[in-house]
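Each chain, letter by letter, is given below.
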There are 2 protein chains.
Amino acid sequence: MNPTIDQMHAHRSVRKYTDDPVSAEHITQAMRAGQMAATSSAVQPYCVIHITDSTKRQQIADLAGPQQKVHDCGAFFIICADLRKHMLIVEKTGQQYDSSLEAFLVGTIDASLFAQNFNLAFESLGYGTCYIGGIRNDLPLLDKILNLPQGVCPLYGLCVGVPDESPSSRPRLAPDAMLFENTYPTDAETHAGINRYDEAYTTYLTERGAQPSTWSAAIAKKFSYAARPGLGDFFRSKGASLD
Amino acid sequence: MNPTIDQMHAHRSVRKYTDDPVSAEHITQAMRAGQMAATSSAVQPYCVIHITDSTKRQQIADLAGPQQKVHDCGAFFIICADLRKHMLIVEKTGQQYDSSLEAFLVGTIDASLFAQNFNLAFESLGYGTCYIGGIRNDLPLLDKILNLPQGVCPLYGLCVGVPDESPSSRPRLAPDAMLFENTYPTDAETHAGINRYDEAYTTYLTERGAQPSTWSAAIAKKFSYAARPGLGDFFRSKGASLD
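Below is a short write-up of the structure. Please read these numbers as outputs of a predicted model, since none were measured by experiment.

1. Re the overall build of chain A
Of regular secondary structure, chain A possesses 10 helices and 5 strands. Against the 2.2 N^0.38 benchmark of 18 Å for 243 residues, chain A shows a C-alpha radius of gyration of 20 Å, consistent with a compact globule. Taken along the three principal axes of its C-alpha coordinates, chain A extends 60 × 45 × 40 Å. Looking at chain A residue by residue over its 243 residues, the buried ones come to 51%. Put simply, of all contacts in chain A between residues at least 6 apart along the chain, 80% involve residues at least 24 apart.

What follows is the structure, given as structure tokens:
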């Protein structure tokens, strides 16, 4: 393999950090590397909000779980789809900004292509990281804490810090259950891939001393109700079209 | 810096490829490395469809532009948000699958965290790549070509091949126009960052011998109308909730 692929394989979500700070130089290096990710027609429809204010960090830690690591980690960032730059440019020309789901979708995609580079760059510099979907528990409150203008749509957070734990790697679905040729497989094939993964997942949990269970049991529980209702209303209230 | 960050800086979208194939071993390596990206609660809500059928490739090349590179590149993949695995698991338990925008959003985010690793892994193996948003020109037609079941939502394509060109790097917005502290900047600050970038962008175009223009002129044109209408209807027709 090679150092880049090895770095990807070294990924673990890290949830405990030392008190060491994340240097400003490293943040700039990770930004520049992150921004090298492709972006649709150079649109760059994303931004990052670095939360340095301790009170705001604690408020966000509380709404995201609570997850105290959001407050305690070396640096905490919020990754946003950013339609505002484009709104301001269009309005300056006297036209009206108009968009469909395409703009929000590209915002989410390009923010995430950036974020994975940003994240991997931090890991390559010796930091541990953890994405925080929990900020979507209460986006209206987050919006108030950060006083965000129209067009700025927070998607998820990222904790970064010097690792204070060495977690093991959680197994993934086998590549042949994720990569298909020319079409999607039959339901029988999909179930077979899930069954194989359930076995690997149970072994992983058992080896960690956790209660043995299966991936599909967790999934069945998670997708039998509509999680985090109101996200659509929130993003529409910030000027994103979802149509 | 380090080899991983250097690899990110080496990124260029490559649009011309030699006739050399992409090896099956490299595809598996890139899949495994891609799948090491974080995924929310291990949900893994994405899949990749490798288009090896030449007729289908040409049909997709046509609807995506036409963009002949989609047909001609060494390997072409379609990255999808995949809610189907979860639908099948929930239905097997006798419950009803239910979701909100959260599921589609996490599908899009996690697919893209995967895709950026997948893409960077291919680049680290010596290939050139280009994301293809053009598949969203006609998702109902793509859906027919691939015969996709409920829950599978194509997001974008990825061309991979041995580079047959060495394009220069397009400049990005400055990090201080993308990374903010605790809130979003004022409109005056945003406009100042755009103006600085417009200058760099014009220089880049001029140096390439292209018609000099600005980034903001391209953006003003692009966001004065709702591009690709109907995406929301399409994803809803595949069982995704956007509420």
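2. Observations regarding the interface of chain B and chain A
Of the residues lining the interface, 99 residues belong to chain B; the matching set on chain A comes to 98 residues. A per-element tally of the side of chain B that touches chain A places helix α6 (residues 101-124) of chain B first, with 14 residues. Looking at the side of chain B that touches chain A residue by residue, the class counts come to 50 nonpolar, 34 polar and 15 charged.

3. Examining the relation of the copies chain B and chain A
Taken together, a rotation about one axis and a shift along it account for how the two chain copies relate. Of the transformation placing chain B onto chain A, the axial shift is 0.0 Å and the rotation is 180°, giving an RMSD of 0.0 Å. Overall, the copies show the geometry of a two-fold rotation axis. Measuring from the rotation axis to each C-alpha of chain B, the shortest distance belongs to Thr4(B), at 2.4 Å.

4. Side note on the nonpolar core
Counting 165 residues, the largest nonpolar core has Ile79(A), Cys80(A), Ile79(B) and Cys80(B) as the members making the most contacts within it. Those residues in contact with Cys80(B) that lie beyond four places of it in its chain are Tyr46(B), Cys47(B), Ile49(B), Ala111(B), Val152(B), Cys153(B), Pro154(B) and Leu155(B).

About the criteria used
- Residues numbered from 1 in each chain as written.
- Chains lettered and ligands numbered in written order.
- Predicted model: local features only at pLDDT ≥ 70, side-chain atom pairs only at ≥ 80, totals over all residues.
- Helix = DSSP H or I, 4+ residues; strand = E, 2+ residues; numbered from the N terminus.
- Rg over C-alpha atoms; globule rule 2.2 N^0.38 Å.
- Buried ≥ 20, exposed ≤ 12 C-beta atoms within 10 Å, placed from the backbone.
- Contact = placed C-beta atoms within 7 Å.
- Nonpolar A, V, L, I, M, F, W, Y, C, P; charged D, E, K, R; others polar.
- Least-squares fit on C-alpha atoms with pLDDT ≥ 70 in both.
- Core = buried A, V, L, I, M, F, W, Y, C linked by C-beta atoms within 7 Å.

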